[in-house]
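# Observations on the model geometry
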Amino acid sequence: MGTLDGRRFVIVGNGIAGTTAAEQIRKADATASIKLITNEPYSLYNRIALPPFLKQKVTQQKVMIRSVAWHQERAIDLMLEETVVSVCTSKQEVYLASGKVFPYDVLLIATGGRPNPLPNAGGLANVFNFQTLDDALAISAQIERSTHACVVGASYISYELTEAFRSRGLNTTWLMRGPRFLRRVLDEEGGALVDRIAEKHGVRVVHNVECAEVRGRDGKVTEVLTTDGQTFPCDLLGVGVGITRNVEFLRGSGIQINSGVITDEYLRSNVPNVFAAGDAAEYYDPYVGHHILMGTWDNATNHGKVVGQNMVGASIPYDDVPTYSTTLFHNRIMAFGATPESNPEVESVTWLDEPSESYRRLFFQGERLVGGVIIGQRKGFPKLIDMIKQRTPVKKSEREQVLAQTLT
Ligand SMILES: Cc1cc2nc3c(=O)[nH]c(=O)nc-3n(C[C@H](O)[C@H](O)[C@H](O)COP(=O)(O)OP(=O)(O)OC[C@H]3O[C@@H](n4cnc5c(N)ncnc54)[C@H](O)[C@@H]3O)c2cc1C
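The structure presented is a predicted model; accordingly, all values stated were derived computationally and were not measured.

## A word on the site of the ligand
What surrounds the ligand is a group of 34 residues, the closest being Asn39, Glu40, Arg47, Asp279 and Trp297. Asn39 is positioned with one of its side-chain polar atoms (N or O) 2.5 Å from an oxygen atom of the ligand. With respect to the ligand, the side chain of Tyr324 contributes an N or O atom lying 3.2 Å from a nitrogen atom. A total of 1000 Å² of accessible area belongs to the ligand in isolation, and the protein chains cover 94% of it. Sorting the residues of the shell around the ligand by element identifies α1 (16–28), α8 (297–311) and β22 (323–328) as the ones contributing at least two each. It is β22 that provides the largest number of residues to the shell around the ligand, a total of four residues. Tallied by class, the residues present in the shell around the ligand amount to 13 nonpolar, 17 polar and four charged.

As structure tokens, then:
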């Protein structure tokens, strides 16, 4: 095991990316000092288990995946409820809101993102974003006191909230500004299929409406007014309108940021000894040939594995096809690789089988498959991932055929 140089590693963010990186560093270096800093009050928990927790399908205990003791056993200095407010790359120091200052030899930014608030919500109670365990606990408690829920947004999170509210028996209305759920990833047919699935489970789905005002009484939400004059009563309002990466604290540090921290395929930033991983990284993706942002658990986990090794001196490119997989009531949806969300210039072919509620859309960039989305049957999925990884050439005229082949 490892060197004896006592290097100082500082990791900002203890999500799956930061915690996995800390574990990798410890495996490679027995004597390094590792500080893992988070503004949350918890050791690592499973963010993707929060929707099942909200649906009461898993317990809070199952959501927690790393105990404080786990960190102590590995001499990882976990610092809870501490916020990093700035970084000086010339002095190699990070500064905390509490006034603490930590020098580093190697720094990792793994700060993820935070959900965008709904404008016009006016500080009313019972209006929730959904990002943290504390959010899940608060939403769950409010579900018990509610009868009518609205959800605003067309993101995965808006869907997760819709499914949870409905599965816990609330009258649920799902309001979208655009024409469908995941409007760039799904086409019209895919969006209509998701609507049918939600409606089958009793959700009222409303498209092309924009929230003008959130109204309340006694400081609590009572209804959503849309710009076309409709009103939707609710005593619980869920919001899923995208995330903003937590990278503002790096402004002025010399670390290049755009929406996230810009990195190469080794997850190195432009500044020596500073890396980024997970949702916060806007990394160079060799499959599509430019920088992309991802917001998936798999991606953040695998980033953590790669970046931890690179922080101790390896040079491993991140070379993976991330997938996002979740339920759609009784069905499932899975998006993989690059989609128009991360890569607007891709072209697509689509297949739909109404009776089995199965749909797939594959995304191509030039003569290569780069990603896709599947609802329902997953036949051929490994083959698709393999084609992306192998960069198998696919002529434009062969795209439909490739899609058909993966279904047989
Ligand atoms: C409700 C929900 C459901 C999801 N479901 C799925 C799913 O089904 N499938 C899937 O693939 N993905 C899903 N995702 C996305 C997935 O959870 C994320 O992509 C993944 O957790 C990102 O991990 P991360 O380590 O990069 O960042 P995060 O998990 O966001 O961790 C970053 C941590 O850094 C902390 N932090 C931020 N700024 C600072 C600072 N300045 N100082 C100190 N600490 C800071 C944050 O509070 C946070 O604790 C879901 C996300 C949510 C919220």
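## With respect to the packing of α1 against α8
Relative orientation of the contacting elements α1 and α8 amounts to 30 degrees, with a least axis distance of 7 Å. For the element pair α1 and α8, the recorded crossing hand is right-handed. In this structure, α1 uses Ile16, Ala17, Thr20, Ala21, Gln24 and Ile25 to contact α8, whose residues at the interface are Trp297, Ala300, Thr301, Gly304, Lys305, Val307, Gly308, Gln309 and Met311. Looking at the contact of α1 with α8 residue by residue, the class counts come to eight nonpolar, six polar and one charged.

## Regarding the pairing of strand β26 (residues 368–375)
The element β26 is extensively covered by neighbouring structure, given that eight of its eight residues are classed as buried. With five bridges joining them, strand β23 (residues 331–337) and β26 adopt antiparallel strand pairing. Paired with Met334 across the two strands is Ile374, which belongs to β26. As paired strands, strand β25 (residues 358–365) and β26 are joined by seven bridges and run antiparallel to one another. Counterpart to Gln365 in the pairing with β26 is Arg368. Here β25 folds back onto β26, and the loop between the two strands holds two residues, one of which, Gly366, carries a positive phi near 60 degrees.

## Brief notes about the sheet that holds strand β15 (residues 231–233)
Taken together, the three strands give an open sheet; going across it, the order is β13-β14-β15, and neighbouring strands pair in antiparallel fashion. Edge positions in the sheet fall to β13 (211–217) and β15, since each of these pairs with one other strand and no more. For this sheet the average axis-to-axis angle between neighbouring strands, irrespective of direction, equals 25 degrees.

## A word on the domain arrangement of the protein chain
Taken domain by domain, the protein chain consists of domain 1 (8–114 + 243–311), domain 2 (117–239) and domain 3 (323–405). Each side of the interface is counted separately: domain 1 has 16 residues, and domain 2 has 17 residues. Carbon and sulfur atoms make up 65% of the area that domain 1 and domain 2 hide from each other, which totals about 1400 Å². Counting the surface domain 1 buries against domain 2, the share from its top three residues, Leu50, Leu54 and Lys55, is 42%. One can count one salt bridge joining domain 1 with domain 2. Between Lys55 and Glu163 there is a salt bridge, with the nearest N and O atoms lying 2.8 Å from each other. Here domain 1 and domain 2 share six residue pairs in polar contact (both at pLDDT 80 or more) between them. For the side of domain 1 that touches domain 2, the secondary-structure elements that each account for two or more residues are α2 (50–54) and α3 (60–63). Counting residues per element, the side of domain 1 that touches domain 2 draws most heavily on α2, at four residues. Here the side of domain 1 that touches domain 2 is composed, by residue class, of 10 nonpolar, three polar and three charged.

Calculation criteria
- Residues numbered from 1 in each chain as written.
- Predicted model: local features only at pLDDT ≥ 70, side-chain atom pairs only at ≥ 80, totals over all residues.
- Heavy atoms only, no water.
- Near = heavy atom within 4 Å.
- Polar contact = N/O pair within 3.5 Å; in protein donor to acceptor, adjacent residues only side chain to side chain.
- Areas by Shrake-Rupley, 256 points an atom, 1.4 Å probe, with all protein chains shown as cover.
- Helix = DSSP H or I, 4+ residues; strand = E, 2+ residues; numbered from the N terminus.
- Nonpolar A, V, L, I, M, F, W, Y, C, P; charged D, E, K, R; others polar.
- Axes fitted to C-alpha atoms, helices over the stretch in contact; angles between N-to-C directions.
- Left-handed = near helix turned anticlockwise from the far one by under 90°.
- Contact = heavy atoms within 4.5 Å.
- Buried < 20%, exposed > 50% of the residue type's maximum accessible area, 1.4 Å probe, protein only.
- Pairing = 2+ DSSP bridges.
- Domains from an automatic or database assignment.
- Buried area = accessible area lost by both parts, 1.4 Å probe.
- Salt bridge = Lys/Arg side-chain N within 4 Å of Asp/Glu carboxyl O.

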